[in-house]
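Observations on the three-dimensional arrangement
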Amino acid sequence: MGLQTKMAWQPEDNGLQQILQLLKESQSPDNATQRNVQQKLEELNKYPDFNNYLIFVLTKLKTEDDPTRSLSGLILKNNVRAHFEKFPSEVTTFIKQECLNNIGDPSPLIRATIGILVTTIVAKGELRNWQELLPSLCNSLDSDDYNVCEGAFGALQKICEDNAEDLDNDSTRPLNILIPKFLQFFKHNSPKIRSHAIACVNQFIISRTQALMVHIDSFIENLFFLAADEDTDVRKNVCRALVMLVEVRMDRLIPQINNIVEYMMCRTQDDDDSVALEACEFWLSLAEQPICKEVLGSHIDRLIPVLVKGMKYSEIDIILLKGDVEEDDMVPDKESDIKPRFHKSKSHTQKHTDGDADGELSDDGYDDDDSLSDWNLTSDWNLRKCSAAALDVLANVFRDDILPVLLPILKETLFHNSWEIKESGILVLGAIAEGCMTGMIPHLPELIPYLISCLGDKKALVRSITCWTLSRYAHWVVGQPHEQYLKPLMEELLKRVLDANKRVQEAACSAFATLEEEACTELVPYLGFILETLVFAFNKYQHKNLLILYDAIGTLADSVGHHLNKQEYVNMLMPPLIEKWNVLKDEDKDLFPLLECLSSVATALQSGFLPYCEPVYRRCVSLVEQTLNQNFRHSYGVLQANQTQPDSVDPPDKDFMIVALDLLSGLAEGLEHHIDSLVANSNILKLLYQCMQDPMPEVRQSSFALLGDLTKACFQHVKPCIGEFMPILAQNLNPEFISVCNNATWSIGEISVKMGLSTNNNNNNNLTGNEMQPYITLVIGPLVDIINRPNTPKTLLENTAITIGRLGLVCPPEVAPMLQQFIRQWCSSLRNIRDNEEKDSAFRGVCQMINVNPGGVIQDFIFFCDAVASWSQPKADLKEMFYKILHGFKNQVGEENWTKFSDQFPQPLRERLAVQYGV
């Protein structure tokens, strides 16, 4: 077709007809027609003025129906996104001009499409090259023609949503004009305009944009004016604004806070669920504010019933969840039902004296907590989940104070004849478990058996929520006599693992994993029964639940450890896992959960995993190598590719490499020296050297975990690489990346012990020629900085203290001069961990350093005494070291001064030291 470009552009009729035909065909459901359309579109994109035709159909061809015109605009939007830089300048100018001239098209669909097109052009960095855009849209707001005003506002709302940061940073300060302008329209007679105006301003609350902050009182005043608005979208945007203002400008809300709370309680019960959901977010936001208890105290008895009411399934929820379908375990899953999984890299943690392991570290330093992520096992956020999450966080604020309001509600709902109300009562009970545990304990002997009986309810949705609620009380259950609660709970939960309903299977599997984490080795007597059920589920489960089953098996292995290494258990568990392993291709993401599961199983089975280890090991090394090669090709491809299209070369998915590294860690930890020959016959250390320098923190985190595990298992293979590895480890002692830093620190400690031992063996106990010596200056400074850094997470402090102790063990003359800089924090960090080998080597190191530099500990000796007393049963020679240091100090200061000094000790410490060490 003869497309052409002229100054005053007009379409050729023949070309226009072809494009209209194409637009009609593209609305066909037939796949072959769709492919044909795609091919033609790619050909037409070669013509410079093809995009002129598209904008012409959108804005000028009013004889066509709206869907066809809109489709033309959406194809143009895709072209802008993909090729805008290549558009001839006259085409760009024509498109921009047509957008502005037709912003007030009579059709709402066309106006909205033009708005989408405008924001897409702006997103390509065209705000600075389209100087007339904002003034033109701003002028259009004042038009008497409703369509022009609404079209301009629609476009501005999309621009504000997509480009808030650019607008705020623009040197011409457009927001100084726009925000006051938007505020003028809060009282417009059209609800659609009012809604647009609030939505525009809302984009600038969280970022505390200065142009809004100077008008904050006027903004809040206008919001109050609109509080009773009859329009759903206006009410929704008012609620959204107040939720954000709680976080950003609580000081400005305080004078009206009682009225706001009353208003939000009312809106949380709005007839429109979308308004109610926006309002319900207010309670989540308010619960994070220190003033929450004071603000809500007088309202809480009326708020709790509102939240409970919101926790009942709506009719539409039940339809969407297929709540009337009781048996669906034979129905295959749709791929769209399966959410993407994210692998958590391995992190080395210490066990604590109170029996709790530290939680997984996340890089913001908080333990992961998914208490709000789990509201009844469906992915869409709705009023029910938001109400439950709000009750959860408020229970954590008010604790048992809310029980006088809640207990009568629970009594009424839990035993109700209507299954929907009973189900909501069980959800309430789960939601308050964390915050109100102390007050609930007297009621649990009655409630837990009742909940266990609800696992057999005829309604699948009742069974599934009961699984979740019981998991929230697992900690209490495990602490009671097993025959009374744990055993019946476990038996019923395992029946639900094999339920005929997929939602119940999923909930039961997740709940059982939580029970495993709480019960740990208490489950050992029941292992045969548990494995029988989980293995049977392998053949019963559809795709989605299979992935959750891997997690339950991996958690079981983590929880019972080496008790899993019995031949009968290995024979039950390994064949189905290896069968899945063999079926999955290297690029299948289902490998992630399976590799995670196998990592835990290999660590638990130890030598029991030997028959399976070689193919698993080789495949993991291959996955690492493939990912590194793909990454190299990607980096090279980006350099070679046209710089305007850097997205044309896809980067590899590094999760494959991360999970493979973690499984190799599991093998090294489980097989110990048995992994020697596999490492010797592979290039894993060369690959590890590359992984340790990867820009992605999670890759480095897993690399350092593997390095530490290989150091423990087969140091002779690691040792030749230490000169290359140590500088990289030192560079990663950066607490900005907590988990990376944690694993690098732990790894350095393991290496130092092995280096000390190898030197020790070579030099007949003479440590002066220690091979670790050259690296001490590289690492000791950063480690001392970390241990003294405020707000360092507990696990990182402990690993840092252990590594400093170990460095002192092998190189006391090099580390001892710094003793005074870290000893107090060192002692405080290690007083709470259990007796173990790592703690043992660290304390030996500190004793060696005190012998070299006794003056370094004098000021903080009370902390050393406290740390010594934290040992339950130190080995005899370590106890002797403690004895000599304590008595040496006592003899040096004399009996009278020692008595004065020890009188400062808390009574238990004084007694313990007197009994154990005679001081």
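Refer to the structure printed above.
Residues numbered from 1 in each chain as written. Predicted model: local features only at pLDDT ≥ 70, side-chain atom pairs only at ≥ 80, totals over all residues. Heavy atoms only, no water.

Quick notes on the overall build of the protein chain
Looking only at helices and strands, one finds 48 helices and zero strands in the protein chain. Overall, the C-alpha framework of the protein chain stretches about 100 × 70 × 60 Å when taken along its three principal axes. Taking all 919 residues of the protein chain together, the buried fraction comes to 56%. Restricting the contact set of the protein chain to residue pairs at least 6 apart, pairs at least 24 apart contribute 75%. Both charge centroids of the protein chain, one from 83 positive and one from 126 negative side chains, sit 0 Å from each other. (Helix = DSSP H or I, 4+ residues; strand = E, 2+ residues; numbered from the N terminus. Buried < 20%, exposed > 50% of the residue type's maximum accessible area, 1.4 Å probe, protein only. Contact = heavy atoms within 4.5 Å. Lys, Arg positive; Asp, Glu negative; His and termini not counted. Charge placed at Lys NZ, Arg CZ, Asp CG, Glu CD.)

Details of the pattern of salt bridges
Counting across every chain of the model gives 43 salt bridges. Across the pair Lys719 and Glu771 runs a salt bridge whose closest N-O atoms are separated by 3.1 Å. Within this pair, whereas Lys719 is found in the loop between α37 (697-718) and α38 (722-731), its partner Glu771 is found in the loop between α39 (738-762) and α40 (773-787), the two being separated by 52 residues in sequence. A relative accessible area of 26% places Lys719 in the partly exposed class. Connected through salt bridges with shared partners, the residues Lys62, Asp66, Arg69 and Asp105 form a single ionic network. (Salt bridge = Lys/Arg side-chain N within 4 Å of Asp/Glu carboxyl O.)

Side note on helix α12 (residues 216-225)
Structurally, the α-helix is built with 3.6 residues per turn, so residues lying three or four positions apart point the same way. Restricting attention to buried positions, one finds in α12 the residues Ile216, Phe219, Ile220, Asn222 and Leu223. One side of α12 carries all its buried residues, which in axial view fall inside an arc of 160°. In α12, the exposed positions angled more than 90 degrees off the buried face are occupied by Glu221 and Phe225. Against the buried residues of α12 lie α9 (175-184), α10 (191-202), α11 (210-213), α13 (232-248) and α14 (250-253). (Arc of directions from axis to C-beta.)

Structural notes on the packing of aromatic side chains
In this structure the tally under the stated criterion is 25 aromatic pairs. Here the aromatic rings of Phe889 and Trp898 are separated by 6.0 Å at their centres, their planes lie at 70°, and the arrangement is edge-to-face. Side by side, Phe889 and Trp898 carry an identical accessibility label, which is buried. Here the aromatic rings of Phe901 and Phe905 are separated by 5.2 Å at their centres, their planes lie at 80°, and the arrangement is edge-to-face. (Phe/Tyr/Trp six-rings, centres within 6.5 Å; stacked < 30°, edge-to-face > 60°.)

A word on the environment of Leu100
With respect to the helices, strands and loops of the structure, Leu100 is situated in helix α5 (residues 89-101). Expressed as a C-alpha distance, the spacing of Leu100 and Trp581, which sit 481 residues apart in the sequence, is 58 Å. Beyond its immediate sequence surroundings of up to four residues, Leu100 is in contact with Trp130, Glu132, Leu133, Ser136 and Leu137.

Side note on the side chain of Gln157
In this structure, Gln157 sits in helix α8 (residues 146-169). Here Gln157 falls in the buried class, since its relative accessible area comes to 17%. Within polar-contact distance, the side chain of Gln157 engages the side chain of His196 at 2.6 Å. The residues touching Gln157, leaving out its near neighbours within four places in the chain, are His196, Ala199 and Cys200. (Polar contact = N/O pair within 3.5 Å; in protein donor to acceptor, adjacent residues only side chain to side chain.)

Describing a nonpolar patch on the surface
A cluster of nonpolar residues, Ile316, Ile319 and Leu320, forms a patch on the protein surface that exposes about 340 Å² of accessible area. On the secondary structure map, Ile319 appears in helix α19 (residues 315-320). (Patch = residues over 30% accessible without salt bridge, like charges linked within 9 Å, V, L, I, M, F, W, Y side chains within 5 Å. Areas by Shrake-Rupley, 256 points an atom, 1.4 Å probe, with all protein chains shown as cover.)

Some thoughts on the packing of α10 against α13
Axis separation between α10 and α13 bottoms out at 8 Å; the angle between their running directions is 20°. If you check the angle between α10 and α13, you find them roughly parallel. With respect to the hand of their crossing, α10 and α13 are arranged in left-handed fashion. Note on element contacts: α13 touches α10 through Asp233, Val234, Asn237, Val238, Arg240, Ala241 and Met244, opposite Pro191, Arg194, Ser195, Ile198, Ala199 and Asn202. Considering only residue class, the contact of α10 with α13 consists of seven nonpolar, three polar and three charged. (Axes fitted to C-alpha atoms, helices over the stretch in contact; angles between N-to-C directions. Parallel < 35°, antiparallel > 145°, perpendicular 65-115°, else oblique. Left-handed = near helix turned anticlockwise from the far one by under 90°. Nonpolar A, V, L, I, M, F, W, Y, C, P; charged D, E, K, R; others polar.)

What to know about the packing of helix α7 (residues 133-140) against α8
Here α7 crosses α8 at 140°, and the two axes come no closer than 9 Å. Relative to α8, α7 is oriented oblique. Both α7 and α8 take part in a crossing whose hand is left-handed. Packed against α7, whose contacting residues are Leu133, Leu134, Leu137 and Ser140, the element α8 presents Val148, Cys149, Ala152, Ala155, Leu156, Ile159 and Leu167 at the interface. Along the lines of polarity and charge, the residues of the contact of α7 with α8 split into ten nonpolar, one polar and no charged.

Keep in mind these numbers describe shape, not what the thing actually does.
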